[in-house]
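Now for the letters of each chain:
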Amino acid sequence: MTSNTSPLPLQSILFHGTAQNLFTKTPYDWQVKVGSSILSHVENGVPINTLCVRPTGGGKTLLFTTTAAALKGITLCIVPLLSLGADQVKKLIDSTQNAARFITGFHLDELPISEHANLITQVKDYATRNKKVILFTSPQALLRTNLPILPYLLSDEAPLSMIVMDEIHLACHF
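Each residue is numbered by its place in its chain's sequence as written, counting from 1. In keeping with the model being predicted, local features are shown solely for residues with a pLDDT of at least 70 and side-chain atom pairs are shown and tallied solely at 80 or more, while totals for entire chains, interfaces and linings include all residues. Values shown for side chains rest on all heavy atoms present in the structure; no hydrogens or waters enter the calculation.

Only DSSP runs of H or I with at least four residues qualify as helices, and only runs of E with at least two residues qualify as strands; both kinds are numbered from the N terminus onward. Check the secondary structure of the chain and you find seven helices and four strands. Its helices and strands in sequence order give the chain the pattern α-α-α-β-α-β-α-β-α-α-β, from N to C terminus. Residue burial is assigned from relative accessible area. The probe radius is 1.4 Å, only protein chains are included, and a residue is buried under 20% of its type maximum, exposed over 50%, and partly exposed in between. Across the 174 residues in the chain, those meeting the buried criterion constitute 40%. Whether two residues are in contact is decided by their heavy atoms: any pair within 4.5 Å suffices. Summarising the internal contacts of the chain: among those between residues at least 6 apart in sequence, 76% fall at separations of at least 24. To measure how exposed things are, a 1.4 Å probe is used in the Shrake-Rupley method; for residues, cover is taken only from the protein chains shown. Here the chain displays about 10000 Å² of accessible surface, and carbon together with sulfur accounts for 57% of that area.

This is the structure in structure tokens:
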């Protein structure tokens, strides 16, 4: 007996498995297609720029968090709405608490500047243990001249794997 379907590429299996096992969500076919394409490009060292336009509740957050979890290193998510960033960090931590802290999130707007050195140390520690980190921040926090973590993120030392701009239609205000 033969099947009419070809085997899924490794990146599709990785994306689908990460969404189901880590976030307990079954991704839509478009999420698997886009996410596995991003993972494939990264694996092959090909720069990629992706614009994902979907309605509210359409699955954009699952796309970028699953992709971030499958990639090595740090994902920087720029969120123009402070409450949305805080909510995404809370949901990320709540939904992955049983995953032995394989991935975690921080909201830079809620973190005092005095704690950024500790955050850098913690992020470096996560990287050495192959844990993933999503840093959520507002555009205005990134524009602060005294944001200690920004030079680190832009350095060759930081394992920055992806930058996400959530709610990009609001970015015109910044």
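Anyway, onward from the coordinates.
The strand order across the open sheet built from four strands is 2-3-1-4, with neighbouring strands paired in parallel fashion. Of all strands in the sheet, those with a lone pairing partner are strand 2 (103-107) and strand 4 (160-165), marking the two edges. Geometrically, the sheet is characterised by an average inter-axis angle of 20° between neighbouring strands, direction not taken into account. Strands are labelled as partners when DSSP assigns at least two bridges between them. Relative to strand 3 (residues 132-137), strand 2 is paired through five bridges, and the arrangement is parallel. Note on strand 3: the bridge partner recorded for Phe-106 is Leu-135. Strand contacts of helix 3 (residues 60-70): strand 1 (74-78), strand 2, strand 3 and strand 4, with the helix running at about 140° to strand 3, the strand carrying the most contacts. What counts as an axis is a line fitted to C-alpha atoms, over the stretch in contact for a helix, and the angles between N-to-C directions run from 0 to 180 degrees.

For this analysis, a salt bridge means a side-chain nitrogen from Lys or Arg found within 4 Å of a carboxyl oxygen belonging to Asp or Glu. On inspection of all chains with the given rule, the structure shows one salt bridge. Close ionic contact of Lys-124 with Glu-157 constitutes a salt bridge, the shortest N to O distance being 2.8 Å. Placement of the pair is Lys-124 in helix 5 (residues 116-128) and Glu-157 in the loop between helix 7 (149-153) and strand 4, with a sequence separation of 33 residues. The exposure class of Lys-124 is partly exposed, given its relative accessible area of 33%. The exposed category is assigned to Glu-157, whose relative accessible area is 51%.

Our next topic: unusual backbone geometry. With phi around 50°, Thr-24 is a residue other than glycine that occupies positive phi space. In this structure, Thr-24 sits in the loop between helix 1 (10-23) and helix 2 (29-43). We classify Thr-24 as exposed; its relative accessible area is 67%.

Take helix 2 next. Each helix should span, by expectation, one fewer than its residue count multiplied by 1.5 Å. With 15 residues, helix 2 should cover 21 Å at 1.5 Å per step; its first-to-last C-alpha distance of 21 Å lies within 8% of that length. Every buried residue of helix 2 is listed here: Trp-30, Gln-31, Val-32, Gly-35, Ser-36, Ile-38 and Leu-39. Where helix 2 is buried, its residues meet helix 1 and helix 3. Phi turns positive, to about 70°, at Gly-45, one or two residues after helix 2.

With that out of the way, let us pick up the layout of surface pockets. Cavities and pockets are found on a 1 Å grid laid over the protein atoms alone: a cavity is a set of points where a 1.4 Å probe fits but cannot escape, a pocket is an open set with protein on both sides within 12 Å along at least five of seven lines, and a lining residue has an atom within 4 Å of such a point. Grid points are joined across faces, edges and corners, and a volume is the space filled by probe spheres set on the points. By volume, the largest pocket is sized at about 1300 Å³. Forming the walls of the largest pocket are 43 residues, and the residues nearest its centre are Lys-60, Thr-61, Leu-62, Phe-64 and Asp-166. Contributing elements (two or more residues each) for the lining of the largest pocket: helix 2, helix 3, helix 4 (82-95) and strand 4. Residues are grouped as follows: nonpolar covers Ala, Val, Leu, Ile, Met, Phe, Trp, Tyr, Cys and Pro; charged covers Asp, Glu, Lys and Arg; every other residue, Gly included, is treated as polar. For the lining of the largest pocket, the class distribution of residues is 21 nonpolar, 15 polar and seven charged.

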